Amino acid sequence: MKYLLVAGARPNFMKIAPIHRAFLTRQNGRSTADLLLVHTGQHYSRNMSDDFFRDLGIPEPDINLEVGSGSHAEQTARVMMAFEPACLEHHPDWVIVVGDVNSTVACAITAKKLGIRVAHVEAGLRSRDMSMPEEINRLCTDAISDLLFTTDTTADENLRNEGVAAEKIHFVGNTMIDTLLRHINRARESAPLNGHRQGSFGVLTLHRPGNVDSRPVLAGILGAVGRLAERLPILFPAHPRTVKNLEAFGLLDFVLSNPNLHLMEPLSYLPFIGLVAQARLVVTDSGGVQEETTVLGVPCLTMRPNTERPITCQIGTNVLVGTNPDKICEAAFRVLDGHLRKGCVPEKWDGHAAERIVDILLNQV
Ligand code: UD1
């Protein structure tokens, strides 16, 4: 059997790393040439891509598609056009895609139309919010996948409700958490604390188009963060899209002039996780950070009206706060006043999800 394992954007890299490693260890000396790593190039900057490969010990990709940025249609189309010849050249039996970015859906569709089987890791998550590009990517990818690996049983239920045959669905756990548990000690050591002590700062991440592409929404969030920063210094590793919009909307000075709000370049995996692990509070609109904070036991306020990861709210440390500045501040001050949710870790988020995935894949005929 020959497999192509696809990654394209920052949130993919921590999900493929343990799958790649599990393939090599499970193959027990068989040739490793039947697993090829594909990087679509959706993310290409050093601090959005190469640094993650280095931190996570992922080898150089075997195939680089180098598609870069563009509108959704352009980016998705470019991945498809570049991935098709790679499939025709290498004749994989399986294409393995992870997460919900444009590269995920583009490679899944390309493979499926060539008659190649598709495995989707992190299947079945649903926000029910069709204004999120990722929700469209998730629905399309799951609809055509042959094997669907899920992180929790709610996702299994979502898939069954959509008519996916039960034998295609495998509840395996969370490969992103495999990576977190493997690297957490190194991560703590490489956190750029900038003189802060553990528990004496907050971390902000912000990049979702719904939050950063509209000036009033972005200004409202920053107003809330400014009020929060009066009580807790905030470290803000900013996504390139966010920085671009801060400049375009004339909001950059507001951030730079606040001595308690520290704008930083995007961080690589280890320093970022190291900061999150030691933060008093995380304020975010990310998907993955909701899960990482739940495992680390760090309070997380998610600035979105919904989440495709409801388990992090049900049993973890995550609270949905939306983007209303007063609501954000109210929830943040509750945490600072000691009202903490003591979360617990979801089932099978135990560091062995990738091994389960690879065992299932290697048993397919
Ligand atoms: C993508 C994913 C999103 C994920 C996010 C994490 C989709 C639909 N979205 O969104 O789910 O949460 O990644 O980062 O796939 N840029 C750079 N360097 C890079 C990559 C991007 O400067 O390496 C800039 C470019 O100006 C680009 C913009 O960031 O136009 C947005 O990048 P893009 O890949 O289109 O989407 P993300 O917002 O990163």
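Now for a quick tour of the structure. These figures come from a predicted structure and were not determined experimentally.

Describing the sheet that holds strand 4 (residues 94–98)
If you trace the seven strands from one edge of the open sheet to the other, you get 3-2-1-4-5-6-7, paired in parallel fashion. Either end of the sheet is taken by a strand with one partner, and the two such strands are strand 3 (63–64) and strand 7 (169–171). Bridging between strand 1 (residues 3–7) and strand 2 (residues 35–39) involves five bridges; their strand directions are parallel. Within strand 2, the residue paired with tyrosine 3 across the bridge is leucine 35.

With respect to helix 10 (residues 240–248)
Within an α-helix, residues lying three or four positions from one another point in the same direction, as the helix has 3.6 residues per turn. All buried positions along helix 10 are accounted for by Thr242, Asn245 and Leu246. The arc enclosing the buried residues of helix 10, seen along the axis, measures out at 105 degrees, which places them on a common side. Residues of helix 10 that are exposed and point more than 90 degrees away from the buried face comprise Lys244, Glu247 and Ala248. Positive backbone phi, at 70 degrees, marks glycine 250, one or two positions downstream of helix 10.

Regarding the pattern of salt bridges
By the definition in use, this model includes 21 salt bridges. As a salt-bridge pair, aspartate 326 and arginine 227 come within 3.3 Å of each other at their nearest N and O atoms. Separated by 99 residues along the polypeptide, aspartate 326 in helix 15 (residues 325–336) and arginine 227 in helix 9 (residues 215–229) bring together distant segments of the chain. Ionic contacts of the salt-bridge type, sharing partners, join the residues Lys15, Asp100, Glu122, Glu135, Arg138, Glu291, Arg304, Glu308 and Arg309 into one network.

Details of the nonpolar core
The biggest cluster of nonpolar side chains holds 54 residues, and the ones touching the most others in it are Phe149 and Leu361. Counting 30 residues, the second largest nonpolar core, distinct from the first, contains Leu228, Ala238, Val283 and Ile328.

With respect to the environment of aspartate 146
Within the element layout of this structure, aspartate 146 appears in the loop between helix 5 (133–144) and strand 6 (147–150). As for aspartate 146 and isoleucine 273, which are separated by 127 residues in sequence, their C-alpha atoms are 33 Å apart. Leave out the neighbours within four places in its chain, and aspartate 146 touches Trp94, Lys112, Ile116, Arg117, Val118 and Lys168. A polar contact of 2.9 Å, which involves the side chain of aspartate 146, links it to the side chain of lysine 112.

Let's talk about the sheet that holds strand 9 (residues 234–237)
Taken in spatial order, the six strands line up as 10-9-8-11-12-13 in an open sheet, and their pairing is parallel. Two strands in the sheet have a free side with no partner beyond their single neighbour: strand 10 (261–264) and strand 13 (318–320). Strand-to-strand twist of the sheet, defined as the mean angle between neighbouring strand axes without regard to direction, takes the value 20 degrees.

Description of the packing of helix 1 (residues 10–26) against helix 16 (residues 353–362)
Running from N to C, helix 1 and helix 16 cross one another at 55 degrees; their axes reach a closest spacing of 8 Å. What the angle tells us is that helix 1 and helix 16 run oblique. The chirality of how helix 1 crosses helix 16 is right-handed. Residue-level contacts link Pro18, Ile19, Ala22, Phe23 and Arg26 of helix 1 to Ala354, Glu355, Val358, Asp359, Leu361 and Leu362 of helix 16. In terms of residue class, the contact of helix 1 with helix 16 is built from eight nonpolar, no polar and three charged.

Some remarks on the packing of aromatic side chains
In this description, an aromatic ring pair is defined by two values, namely the gap between the centres and the angle between the planes. Per the stated rule, a full pass over the model turns up three aromatic pairs. Measuring from centroid to centroid gives 4.8 Å for tyrosine 3 and phenylalanine 23, while their planes differ by 55 degrees, and the two rings are tilted. You can see tyrosine 3 sitting in strand 1 and its partner phenylalanine 23 sitting in helix 1, a full 20 residues away along the chain. Both residues of the pair, tyrosine 3 and phenylalanine 23, count as buried. A centroid spacing of 6.2 Å and a plane angle of 55 degrees characterise the contact between phenylalanine 13 and phenylalanine 52, whose relative ring orientation is tilted.

Quick word on the site of the ligand
Taken together, 19 residues sit near the ligand, with His43, Ser45, Glu134, His239 and Lys244 positioned nearest. Between the ligand and histidine 207, the relevant distance is 2.8 Å, taken from an oxygen atom to a side-chain nitrogen or oxygen of the residue. One of the side-chain nitrogen or oxygen atoms of arginine 241 is found 3.1 Å away from an oxygen atom of the ligand. For the ligand, the protein covers 88% of the area, taking 740 Å² as the surface of the free molecule. For the shell around the ligand, the elements supplying multiple residues, two or more each, are helix 1, helix 3 (72–90), helix 5 and helix 10. Top element by residues in the shell around the ligand is helix 10. It accounts for three residues. Split by residue class, the shell around the ligand holds five nonpolar, 10 polar and four charged.

Details of unusual backbone geometry
Positive phi values are uncommon outside glycine, yet arginine 128 reaches one of about 60 degrees. When you line up the elements, arginine 128 lands in the loop between strand 5 (117–121) and helix 5. Despite not being glycine, asparagine 194 has its phi angle at roughly 50 degrees, a positive value. Look at asparagine 194 and you get exposed, because its relative accessible area is 54%.

Regarding the pairing of strand 2
By the criterion of burial, strand 2 is predominantly enclosed, with five of the five residues buried. What you see with strand 2 is no split at all: Leu35, Leu37 and His39 on one side and Leu36 and Val38 on the other are buried throughout. With two bridges connecting them, strand 2 and strand 3 associate as parallel partners. When the bridges of strand 3 are listed, histidine 39 appears paired with asparagine 64. Chirality of the crossover, the property in question, places the unit of strand 2, helix 2 (residues 50–56) and strand 3 among those that are right-handed.

The rules behind the values
Per chain, residue numbering runs from 1 following the sequence as it is written. This being a predicted model, a pLDDT of at least 70 is required before a residue's local features are given, and a value of 80 or more before pairs of side-chain atoms are given or counted; all residues contribute to the totals for chains, interfaces and linings. Neither water nor hydrogens contribute to the side-chain values; these are computed over all heavy atoms in the structure. A pair of strands is treated as paired once DSSP finds two or more bridges between them. Runs of H or I in DSSP of at least four residues are treated as helices and runs of E of at least two as strands, each being numbered from the N terminus. In this scheme, a residue with accessible area under 20% of its type's maximum is buried, one over 50% is exposed, and one in between is partly exposed, where area comes from a 1.4 Å probe on protein chains only. Arc, as used here, means the arc of the directions from the helix axis to the C-beta atoms. A carboxyl oxygen of Asp or Glu within 4 Å of a side-chain nitrogen of Lys or Arg is what we treat as a salt bridge. Put simply, a nonpolar core is a bunch of buried Ala, Val, Leu, Ile, Met, Phe, Trp, Tyr and Cys residues held in one set by side-chain atoms that sit within 4.5 Å of each other. What makes two residues a contact is simply this: any of their non-hydrogen atoms within 4.5 Å. Here a polar contact is recorded for every N or O atom pair within 3.5 Å, except that within protein the pair must consist of a potential hydrogen donor and a potential acceptor, and residues adjacent in sequence are included only if both atoms are side-chain atoms. Here the axes come from fitting lines to C-alpha atoms, over the contacting stretch only for helices, and the angles between their N-to-C directions go from 0 to 180 degrees. Note on angle classes: values under 35 degrees are labelled roughly parallel, values over 145 roughly antiparallel, values of 65 to 115 roughly perpendicular, and the remainder oblique. Note on convention: the crossing is left-handed when the near helix lies turned anticlockwise from the far helix by less than a right angle, right-handed when the turn is clockwise. Here the term charged refers only to Asp, Glu, Lys and Arg, the term nonpolar to Ala, Val, Leu, Ile, Met, Phe, Trp, Tyr, Cys and Pro, and the term polar to all other amino acids, Gly among them. For Phe, Tyr and Trp, rings pair up if their centres lie within 6.5 Å, where Trp contributes its six-membered ring, and each pair is then called stacked (planes under 30 degrees apart), edge-to-face (over 60) or tilted (otherwise). By convention in these notes, a residue is near a molecule or strand provided one of its non-hydrogen atoms lies within 4 Å of it. Throughout, the Shrake-Rupley method with a 1.4 Å probe supplies accessible areas, and for residues the shown protein chains are the sole cover considered. The handedness rule is simple: strands pointing away from the viewer, and a clockwise path from the first strand over the helix to the second, make the crossover right-handed.

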